[in-house]
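Here's the letter readout for the chains.
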Amino acid sequence: MENPELIPDLDVADTHQSAVTTTKSVMKKLPEATLAFWIMKVAATTLGETAGDLFAQTLKIGYFLTTIALFLLFVVTLVVQLRSRRYNPFFYWTVILSTSMAGTTMSDFMNRDASTKFLSDGTTSLGWGPQGLGLGYPTGAAILISILVVIFAIWKLTGMTFQIRDIVTFRGEALFWSAILVSNTLGTSMGDFLSDSSGLGYAGGAALVTGVLLVLVALMRVPAVPNVLLFWIAFVLTRPLGATAGDFLTKPVAKGGLDLGTAGSSAVLLTILIGLMGYAYFQERRSLAPSPSVLPETGERDRVTRRED
């Protein structure tokens, strides 16, 4: 507890400002959307693509069982994040990763089926249970866009902020993570459509999404365009960027990929993401360290220590 004897020796305005700053740091549950944030977002979504394909396709668990397992993993990581009292990079980015993995298999289950178009040569089924709904990318994307619009409409009606740095309530976070899960699933559908069905291929799809993202960066300088709108568009679009990048790493050379495999690519991406998490955690701890300007002088600290003894 703060010693009352120190308060008279500190400027009242400085004390109030320090308290406000500390409160904001403690209450903040979500990160700032900096360049590092977007780099980690692309890394997490690319890993989500390769890891989701690893479980569903390479290990032949199938979309149905993998979706159930990864959705349960998402719930567990989300509970940990919601119970946290402040922003923790490891908790936050683990949830982002789990939504990316679950979004990958959820999208595949919605859009694909057991036809030869989606299965390897000689394979007649993929894992146990339903093989997929076979809705196709346009229909699947339309359904997901509708769900996302409903979530944002409910969010708007609650009167809560769309600025992620200001979201500090349980209900606000619940809406945020619902939008994240659906947007990552939608982004997977978009990425698969660009890579598989549009004729652009993996490199062409990634180039198209990158070009659109650069346009969004330019629009940030236009006052009439809300930055919150640009953020959510960019958040959705970084998912197909990660999806096409993941497919480019893992798919066979004959299909335009590098054929690095889902296991090897996932291991490398996981190592990179953990390193970025560690860097973000260090930066967050550093930002929460008390400023020397609000600490009492050395003599005063010694005098307070003697009084407490």
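Throughout this description, residue numbers start from 1 for each chain and increase along the sequence as written. At least 70 in pLDDT is required for a residue's local features to be given in this predicted model, at least 80 for side-chain atom pairs to be given and counted, and no such filter applies to totals for whole chains, interfaces and linings, which use all residues. With hydrogens and water set aside, each side-chain value is computed from the structure's full complement of heavy atoms.

Turning next to the packing of aromatic side chains. Classification of ring pairs uses Phe, Tyr and Trp, with its six-membered ring standing for Trp, and accepts pairs whose centres are within 6.5 Å; under 30 degrees between planes counts as stacked, over 60 as edge-to-face, and the remaining range as tilted. Under the counting rule described, the total for this entry stands at 23 aromatic pairs. Between Phe37 and Phe231, the aromatic rings sit 6.2 Å apart at their centres with planes inclined by 40°, giving tilted as the arrangement. Taken together, the residues Phe37 in helix α2 (residues 35–58) and Phe231 in helix α8 (residues 227–250) connect sequence positions 194 residues apart. Relative accessibility decides the category of a residue: with a 1.4 Å probe and only protein chains considered, values under 20% of the type maximum give buried, values over 50% give exposed, and everything between is partly exposed. For Phe37, a relative accessible area of 3% puts it in the buried group. With centroids separated by 6.5 Å and ring planes inclined at 45°, the aromatic side chains of Phe37 and Phe235 adopt a geometry described as tilted. Of the two residues, Phe37 is situated in helix α2 and Phe235 in helix α8; the sequence distance between them amounts to 198 residues. The two residues Phe37 and Phe235 agree in class, both being buried. Ring-over charges, as used throughout, are those where CZ of Arg or NZ of Lys falls within 6 Å of the ring centre and within 35 degrees of the ring normal. Over the ring of Phe235 we find Lys41; its NZ or CZ atom is 4.3 Å from the centre of that ring. Under the scheme used here, helices are H or I runs from DSSP no shorter than 4 residues and strands are E runs no shorter than 2 residues, and both carry numbers assigned from the N terminus.

Look at helix α4 (residues 89–111): 32 Å from first C-alpha to last across 23 residues, which is about the 33 Å you get at 1.5 Å a residue. Among the 23 residues in α4, 19 count as buried, and that is most of the element. For this analysis, a polar contact is any N or O atom pair within 3.5 Å, provided that within protein one partner can donate a hydrogen and the other can accept it, and provided that sequence-adjacent residues contribute only side-chain to side-chain pairs. The N-capping residue of α4, defined by a side-chain oxygen 2.9 Å from the backbone nitrogen of Phe90, is Asn88. Expected span, for any helix, means 1.5 Å times one less than how many residues it has.

Our focus in this paragraph is the nonpolar core. To define a nonpolar core, start from buried Ala, Val, Leu, Ile, Met, Phe, Trp, Tyr and Cys residues and group those joined through side-chain atoms within 4.5 Å. Ranked by internal contacts, the top residues of the largest apolar core, which has 45 residues, are Tyr92, Trp93, Ile96, Trp155, Phe176, Trp177 and Trp232. The set of elements that each furnish at least two residues to this core consists of α2, α3 (63–83), α4, α5 (137–158), α6 (170–197), α8 and α9 (262–288). Formed by nine residues, the second largest nonpolar core is a distinct cluster that contains Val209, Leu213, Ala234 and Leu237.

A word on the packing of α6 against helix α7 (residues 201–219). For any two helices packed against each other, one specifies the crossing angle of their axes together with the interaxial distance. Here the axes come from fitting lines to C-alpha atoms, over the contacting stretch only for helices, and the angles between their N-to-C directions go from 0 to 180 degrees. At a minimum axis separation of 7 Å, α6 and α7 run at an interaxial angle of 135°. By the angle between their directions, the pair α6 and α7 is classed as oblique. Pair α6 / α7 crosses with right-handed handedness. Only Gly201, Tyr202, Gly205, Leu208 and Val209 of α7 make contact with α6, whose side of the interface consists of Leu194, Ser195 and Asp196. For the contact of α6 with α7, a count of residues per class yields four nonpolar, three polar and one charged. The labels follow the angle: roughly parallel below 35 degrees, roughly antiparallel above 145, roughly perpendicular from 65 to 115, and oblique for the rest. In a left-handed crossing the near helix is turned counterclockwise from the far helix by less than a right angle, and in a right-handed crossing that turn is clockwise. We call two residues contacting when some pair of their heavy atoms lies within 4.5 Å. The residue classification treats Ala, Val, Leu, Ile, Met, Phe, Trp, Tyr, Cys and Pro as nonpolar and Asp, Glu, Lys and Arg as charged. All others, Gly included, are polar.

Counted as salt bridges are all cases of a side-chain nitrogen of Lys or Arg within 4 Å of a carboxyl oxygen of Asp or Glu. Taken as a whole and assessed by the stated rule, the structure comprises three salt bridges. Salt-bridge contacts for Asp192 lead to Arg112; the nearest nitrogen and oxygen are separated by 3.6 Å. Of this pair, Asp192 sits in helix α6 while Arg112 sits in the loop between α4 and α5, and the two are 80 residues apart along the sequence. Its relative accessible area of 0% is what places Asp192 among the buried residues. Several salt bridges converge on common partners, so that one network encompasses Asp108, Arg112 and Asp192.

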